[in-house]
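For reference, the chains in residue letters:
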Amino acid sequence: MKYLLTALFVFISYQSLSAQSITVTTVPDQDGHNLYTFPVQNGSLIYSNQQFIFADAQIVQPEAWSLSPGKNKLAFLQKEGTLFLRSFDYAGRILIEQSLEFFDPDDSTLDVYQLSDGRVIVRDNVANFSFFDSRGEQIFSVSNFAQSPDGERESRFSSDKYGRTIVLYNPVIAYSSSMGSRAQLMFGENQTESFFRDDSREIKSLVVSDDGAFITLIASDGNNDRVLIFDRFGNELFSLDADGVLTGAVVSDCGEFVTTFSEARMQVIRVADGESIGSASARNQIIKATFFPQDEILVSINGILNNNRISNGSVTAVHLSRRQIASENINIQLSMLHTDRLNLNWYSSNQFRTGGLNRDLIIEARF
């Protein structure tokens, strides 16, 4: 069922509201982090010029790499004549060291995905995914080829932290006169089920929630984006045709609300009926926005994103029911390890914590 937004929404602007107070601090043990130092479990990761240093381990110029969502394990593909898969824990101890003799080390579509439970997935040959257990033994392989005679881009992998909900998707499938996409759930070896297909829209982003309960997908025709939310079984819960191009969409932990955001505007939509319960503008580009229903507060991280650097950073917080807004500049240098892994999490009442930056920020809003 498709939900259409009406013009009946609460609009919040800087001109109509007096600013409230907001403070932004960093986690104390990360004060020494520079643009190349990122927090991982019980330590830090230094990443610069394709060189990785964590604890006593050092990796230089891997073919592909991945930090687990729980920041407790790292996986690398390294070309040493043949291709090697290596996985480390946060202390630099090697967990997996496996020669991948039947993989082409010169394959330009190689990629690796590290899960927090120790499993590793390797992509090769555009759309083939090989699953390895925590000991490095290959369990099975799955092909995600769309079989379009006009071609397709590399397939992608998305899952929750522990791989309970796994999605394989084709972001772009070429047809004779259009570009489409599809996504399917993977339940095990030779057990896949398609839950999304669109012959005229590309998949711009696809995110599985941390608990695996929801899949948030943005499909785009280049002019107007469509936001869809599915449950872990692929049932469609929500569909919204946005008026223009979006930067992202985030579903709340309870699944009752979705936050959409574009360059300088964000809004919160109730999933049950598609009604917008509030929107706001930011002073500069919105990089991430999330609504926290327990506090009725919408929070955004803003700034100018250039590669993985954020300049002119700021935070905006909006109390939707009180129609109050606060904004504060971030006066430290910020960078991201993965540009698609910046997140905002509830910390305590009216306090929120970022993840994915070189320093975790604690945001406190007072209304």
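A short tour of the structure in this document, coming up.

The rules behind the values
- Residues numbered from 1 in each chain as written.
- Predicted model: local features only at pLDDT ≥ 70, side-chain atom pairs only at ≥ 80, totals over all residues.
- Heavy atoms only, no water.
- Pairing = 2+ DSSP bridges.
- Helix = DSSP H or I, 4+ residues; strand = E, 2+ residues; numbered from the N terminus.
- Axes fitted to C-alpha atoms, helices over the stretch in contact; angles between N-to-C directions.
- Phe/Tyr/Trp six-rings, centres within 6.5 Å; stacked < 30°, edge-to-face > 60°.
- Buried < 20%, exposed > 50% of the residue type's maximum accessible area, 1.4 Å probe, protein only.
- Salt bridge = Lys/Arg side-chain N within 4 Å of Asp/Glu carboxyl O.
- Contact = heavy atoms within 4.5 Å.

## Concerning the sheet that holds strand β9 (residues 82–89)
1) Next: Strand order in the open sheet made by the four strands is β7-β8-β9-β10, with antiparallel pairing throughout. Two strands lie at the open edges of the sheet, namely β7 (64–67) and β10 (94–100), each paired on one side alone. Pairs of neighbouring strands in the sheet enclose a mean axial angle of 15°, with direction left out of account.
2) Next: Where β7 meets strand β8 (residues 73–80), four bridges bridge the pair, whose relative direction is antiparallel. What sits directly across from Trp65, in β8, is Phe76.

## Remarks on the packing of aromatic side chains
1) Next: By the definition in use, this model includes 14 aromatic pairs.
2) Next: A ring pair is formed by Phe257 and Phe291, whose centres lie 5.2 Å apart and whose planes are at 80°; its orientation type is edge-to-face. Here the residue Phe257 occupies a position in strand β24 (residues 257–261), and Phe291 occupies one in strand β27 (residues 286–292), the gap between them amounting to 34 residues. Like Phe257, the residue Phe291 is buried in the burial classification.
3) Next: Members of the aromatic cluster, connected to one another through ring pairs, are Tyr47, Phe52, Phe54, Trp65, Phe76 and Phe88.

## Some remarks on the pattern of salt bridges
1) Next: Summed over all chains, the structure comprises 16 salt bridges.
2) Next: Glu80 serves as the salt-bridge partner of Arg86, at 3.0 Å between the closest nitrogen and oxygen.
3) Next: On the basis of relative accessible area, Glu80 is assigned to the partly exposed category, the value being 41%.
4) Next: Ionic pairing is found between Asp199 and Arg197, a salt bridge with its closest N-O pair at 3.3 Å.
5) Next: A residue is classified by how much of its surface remains accessible, and Asp199, at 44% relative accessible area, is partly exposed.
6) Next: The class for Arg197 is partly exposed, based on a relative accessible area of 47%.
7) Next: Each member of the salt-bridge network shares a partner with another, and the members are Glu80, Arg86 and Glu97.

## Some remarks on the pairing of strand β13 (residues 128–132)
1) Next: Within β13, five of the five residues are buried, which leaves the element mostly enclosed by the surrounding structure.
2) Next: Burial along β13 is two-sided: Asn128, Ser130 and Phe132 and Phe129 and Phe131, pointing in opposite directions, are all buried.
3) Next: With five bridges joining them, strand β12 (residues 120–124) and β13 adopt antiparallel strand pairing. Across the sheet, Ile121 pairs through a bridge with Phe131, a residue of β13.
4) Next: Hairpin connection between β12 and β13: a loop of three residues separates the two successive antiparallel strands, and Asn125 in this loop has a positive phi of roughly 50°.

## A word on the pairing of strand β21 (residues 225–231)
1) Next: Across the seven residues of β21, seven count as buried, placing the element largely inside the fold.
2) Next: Along β21, one buried face is formed by Asp225, Val227, Ile229 and Asp231 and the opposite face, lined by Arg226, Leu228 and Phe230, is buried too.
3) Next: Pairing geometry for strand β20 (residues 214–220) and β21, over seven bridges, is antiparallel. Bridge pairing in β21 places Leu217 opposite Leu228.
4) Next: Taken together, β21 and the strand that follows it, strand β22 (residues 236–241), pair antiparallel across an intervening segment of four residues, in which Gly234 is found at a positive phi of about 90°.

## Some points on the environment of Asn128
1) Next: Secondary-structure assignment places Asn128 in strand β13.
2) Next: Measuring from C-alpha to C-alpha, the distance between Asn128 and Tyr90 comes to 28 Å, with 38 residues separating the pair along the chain.
3) Next: Non-local contacts of Asn128, meaning those with residues more than four positions away in its chain, are made with Val122, Arg123, Ser141, Val142 and Ser143.

Spatial relationships are all this shows, so hold off on functional conclusions.
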